[in-house]
Amino acid sequence: MPSNVPDSLDNWWCPMDTEYAFMGFSYEVTACQSPSQLNAEFADIRNNFNSRYVRLYGVCDNDGFYDDIVDAAWNNGLGVHALIWFGFTGGNQWETRRDSLINMLTTNPKAKFVTRGVQFGSEPLFDNVLPHSELASQVLSAKARLAGVQIPVTVSELAYGYQERGGAQDVLDAIDYINIHMLPFFSSAATTGAHAWPLVESDMNWFIKHGNGKKMYFDENGWPSVTSQGVQPNSRHAVASVWSEHQYFELLDNHCEDFKNAPGGGIGWFAHIYSDNQEPGYGIYNVNGVTKFNFHPRTSC
C-alpha cells in the first residue's frame, strides 16, 4: 500500500470483471481477534496463499473492531468483503451493526480503499430474517448511503434461499454483485468433494440464468472435514473427511477455465474458512495451526 492515503479512488481497484478463480478466505471474527492476530493472519493469507481478499463471517461488536480490520488489510495489501451480520437469534441488532459499519466506512479515511463490498448476511433469505422485498429495500438504502465512498452492496445467500421465495428477483436486481453460498455437502445428492461438480454447476447455472450478467463470487464455499452439531449431511452418502475437503478445492481449481468463462468476467471463489478454530471442520488450517492439505489454488488460468 502507499505510504499515504490517496486522495481518490480513481483507478484504485482492478475492475470486478477481471477477477475470477481463487480470491482468498472467508474469515470468522466472532473471536474479536486482536490487532496483532489480525495482522499476522492477514499477512499469512496474502503472502502464503496469494489471496486478494478476505470475506468476513460472523460478527465482533466491539467498538473500533472494523478499524482494526481496515488497518490489518491496509498493512497487508488485502481487500475486504465486509458483512452486516444478522445472526441466528432474530432481533434487530443487525440494524445497529448496519449503521455502525456504514458510519465507519464513510469516516475512516482508509476504509474505502480496502473495503471491496458490503454484504447483508449470512443467508437472510434462507433464515427468513426479512421478507425479500424488505431486504431489497435495505440493499438499495445501503447503496445510497455508501455511494459517496463507492462501495458496492450485495447479499450473501444460498441459491435455495432465493428459490424458495419465488426467485426473489427484486433482491437479485437490487444487489451490485452476487455473493453465492456454495455448500454442496448439504445436498441430498452429495457424495464426496471429488464428485461435487454437478451440484456446484446446478447452483451456478441458476445464478447465471437469473443474475442478469452480474459479477458472481462463491463466498461461503467449502466442504467439511468433520461433522458437528450444526453440520450434518442430508445424504447418507455424503463423506466428511480431510480427503473430501481437499478434493473439493482441487475440483474447483480444476474448473478454473469454467469459472473464467462465466458471465461478468468470471466467477471468483473464496475458501470457507481460514481455520478450524473459526468453524470446526471447514478450515484450511486445523486447530493446531497446521494446514490440513496442500492448498495453493490458481488465481488465474
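Heads up: the structure comes first, above all this text.
The structure contained in this document is the topic of the report that follows. What you are looking at is a predicted structure, and each value in this text was computed from that prediction instead of being measured.

1. Observations concerning the side chain of histidine 81
(1) Moving on: Tracing the backbone shows histidine 81 in strand 3 (residues 79–85).
(2) Moving on: In this view, histidine 81 contacts Tyr53, Val54, Arg55, Leu56, Arg116, Gly117, Gln119, Tyr177, Asn179, Tyr217 and Phe270; residues no more than four positions away in its chain are not counted.

2. Some remarks on the environment of tryptophan 223
(1) Moving on: Take tryptophan 223: it is sitting in the loop between strand 7 (216–221) and helix 9 (242–254).
(2) Moving on: The class for tryptophan 223 is buried, based on a relative accessible area of 0%.
(3) Moving on: A C-alpha to C-alpha distance of 6.6 Å links tryptophan 223 and tyrosine 248, two positions 25 residues apart in sequence.
(4) Moving on: Among the polar contacts made by the side chain of tryptophan 223, one reaches the main-chain carbonyl oxygen of valine 239 at a distance of 2.8 Å.

3. Side note on the state of the cysteines
(1) Moving on: Going through the model one piece at a time under the given rule, you end up with two disulfides.
(2) Moving on: Each sulfur of the disulfide joining cysteine 32 and cysteine 60 lies 2.1 Å from the other. Residues cysteine 32 and cysteine 60 share a disulfide whose torsion about the S-S bond is about 110 degrees; that sign makes it right-handed. With cysteine 32 in the loop between strand 1 (21–28) and helix 1 (35–49) and cysteine 60 in the loop between strand 2 (53–57) and helix 2 (65–76), this residue pair connects regions lying 28 residues apart in the sequence.

4. Some details on the packing of helix 2 against helix 3 (residues 93–107)
(1) Moving on: Packing of helix 2 against helix 3 leaves a shortest axis separation of 10 Å and a crossing angle of 45 degrees. The angle between the axes of helix 2 and helix 3 places the two elements in the oblique class. Crossing hand, helix 2 versus helix 3: right-handed. Across the interface between the two elements, Tyr66, Asp67 and Val70 of helix 2 pack against Leu101, Met104 and Leu105 of helix 3.
(2) Moving on: Here the residues of the contact of helix 2 with helix 3 are counted per class, giving five nonpolar, no polar and one charged.

5. Considerations on the sheet that holds strand 5 (residues 153–158)
(1) Moving on: One closed barrel accounts for eight strands, arranged 1-2-3-4-5-6-7-8; its pairing is parallel. Adjacent strand axes in the sheet meet at a mean angle of 30 degrees, parallel and antiparallel pairs treated alike.
(2) Moving on: Here strand 1 runs beside strand 8 (residues 267–271); their pairing, made up of four bridges, is parallel. Bridged to phenylalanine 22 within strand 8 is tryptophan 269.
(3) Moving on: Those strands touched by helix 3 are strand 3 and strand 4 (115–121), and its axis lies near 150 degrees from that of strand 3.
(4) Moving on: Against the sheet, helix 5 (residues 132–145) makes contact with strand 4 and strand 5, and its axis sits at roughly 150 degrees relative to strand 5, the strand it touches most.

What counts as what
- Residues numbered from 1 in each chain as written.
- Predicted model: local features only at pLDDT ≥ 70, side-chain atom pairs only at ≥ 80, totals over all residues.
- Heavy atoms only, no water.
- Helix = DSSP H or I, 4+ residues; strand = E, 2+ residues; numbered from the N terminus.
- Contact = heavy atoms within 4.5 Å.
- Buried < 20%, exposed > 50% of the residue type's maximum accessible area, 1.4 Å probe, protein only.
- Polar contact = N/O pair within 3.5 Å; in protein donor to acceptor, adjacent residues only side chain to side chain.
- Disulfide = S-S within 2.5 Å.
- Axes fitted to C-alpha atoms, helices over the stretch in contact; angles between N-to-C directions.
- Parallel < 35°, antiparallel > 145°, perpendicular 65-115°, else oblique.
- Left-handed = near helix turned anticlockwise from the far one by under 90°.
- Nonpolar A, V, L, I, M, F, W, Y, C, P; charged D, E, K, R; others polar.
- Pairing = 2+ DSSP bridges.

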